[in-house]
Amino acid sequence: MTVYFIGAGPGDPDLITVKGQRLVRQCPVILYAGSLVPPEVLAGHQAESVVNTAELTLDAIIDLLAAAHARGQDVARVHSGDPSLYGAIGEQIRRLQALDIPYQIIPGVTATAACAASLGVELTLPGVAQTVILTRYGSKSKLPPGEQLGDLARHQATMAIHLGVRHLSAIVAELLPHYGADCPIAVVYRASWPDEARVVGTLGSIVGLIEDTHIERTALILVGRVLNADDFADSTLYAG
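Criteria and thresholds
- Residues numbered from 1 in each chain as written.
- Predicted model: local features only at pLDDT ≥ 70, side-chain atom pairs only at ≥ 80, totals over all residues.
- Heavy atoms only, no water.
- Salt bridge = Lys/Arg side-chain N within 4 Å of Asp/Glu carboxyl O.
- Buried < 20%, exposed > 50% of the residue type's maximum accessible area, 1.4 Å probe, protein only.
- Helix = DSSP H or I, 4+ residues; strand = E, 2+ residues; numbered from the N terminus.
- Pairing = 2+ DSSP bridges.
- Contact = heavy atoms within 4.5 Å.
- Phe/Tyr/Trp six-rings, centres within 6.5 Å; stacked < 30°, edge-to-face > 60°.
- Lys NZ or Arg CZ within 6 Å of the ring centre and 35° of its normal.

Participant: How should the pattern of salt bridges be read in this particular structure?
Facilitator: Counting across every chain of the model gives five salt bridges. Among the ionic pairs, Glu196 bridges to Arg198, the shortest N-O distance being 2.7 Å.

Participant: When you look at the pairing of strand E2 (residues 29–32) in this model, what are you seeing that I'm missing?
Facilitator: Looking down a regular strand, the side chains alternate between one sheet face and the other. Neither face of E2 is exposed, since Val29 and Leu31 on one face and Ile30 and Tyr32 on the opposite face are all buried. Examined bridge by bridge, E2 and strand E3 (residues 49–52) share four bridges and lie parallel to one another. Across the sheet, residue Leu31 finds its bridge partner in E3, namely Val51. Inspection of the sheet shows E2 paired to strand E4 (residues 75–79) by four bridges, in the parallel sense. Of the residues in E4, the one forming a bridge with Tyr32 is Val78.

Participant: Any chance you could explain the environment of Gly9 here in plain terms?
Facilitator: When you line up the elements, Gly9 lands in the loop between strand E1 (3–7) and helix H1 (18–26). For Gly9, a relative accessible area of 3% puts it in the buried group. Once residues lying within four places of it in the same chain are set aside, the contact partners of Gly9 are Leu15, Ser80, Gly81 and Val109.

Participant: Sorry, what's going on with the packing of aromatic side chains here?
Facilitator: Two aromatic rings are characterised by how far apart their centres lie and by the angle between their planes. A complete count under the given rule lists one aromatic pair for this structure. For the pair Phe5 and Tyr103, a centre-to-centre distance of 6.2 Å together with 70° between the ring planes defines the contact as edge-to-face. Within this pair, whereas Phe5 is found in strand E1, its partner Tyr103 is found in strand E5 (residues 103–106), the two being separated by 98 residues in sequence. Cation over ring: Arg190 sits above Trp193, and NZ or CZ is 3.9 Å from the ring centre.

Laid out in structure tokens, this is it:
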């Protein structure tokens with residue numbers, strides 16, 4: 001028996017990996033994060049037990065995994081995006097290790113990748129940015145030392161900020177001294193979902209642009225010069 005932590009991708013059910021889809025369709029038990037994973041991701045499953053874990057506590061989830069282990073049944077534990085990024089699987093893995101329950105992580109398409117695809121941009125461009133920083137806004141829990149947005153912004157790399165759209169004004173205030181008011185920024189709501197929405201502006205204008213929208217959560221913030229760069233060198237990848 002194995003618990004498979006499966007990355008379902010950012011929302012579009014076609015963006016789950018082939019391996020992830022195969023496991024969803026063959027595992028007899030499915031536990032999925034229903035608030036972030038669309039039901040279409042589970043299409044074609046033959047599981048005898050399907051549980052939406054959106055309202056369950058960690059203890060309740062572990063009890064279900066342990067019960068499946070006792071029955072010798074594989075579990076598809078389906079998370080949004082890639083489960084290794086803000087997937088809250090660390091505490092589940094720690095419990096499984098204590099119970100000696102085998103597990104595997106099946107990677108998924110990240111929200112950052114989906115946002116870049118939606119915007120039609122490359123996040124790394126020669127001479128513009130060769131680094132992408134994935135982080136989140138520290139509202140409920142404190143960030144580790146050296147990981148405040150201002151600390152990271154000093155690098156002027158492309159930055160993807162999770163869980164922060166409700167604090168956009170504070171985020172802009174931390175980024176402005178390092179990127180400048182003319183730096184491009186994009187807020188992408190529910191990337192790859194049917195109701196996806198995008199707002200693109202600059203650090204100087206984005207707060208005003210967002211005020212007239214319904215975007216309050218489930219959005220990713222992308223910041224960096226790559227978002228509108230056209231004056232960059234060709235990659236050496238194709239050099240003769």
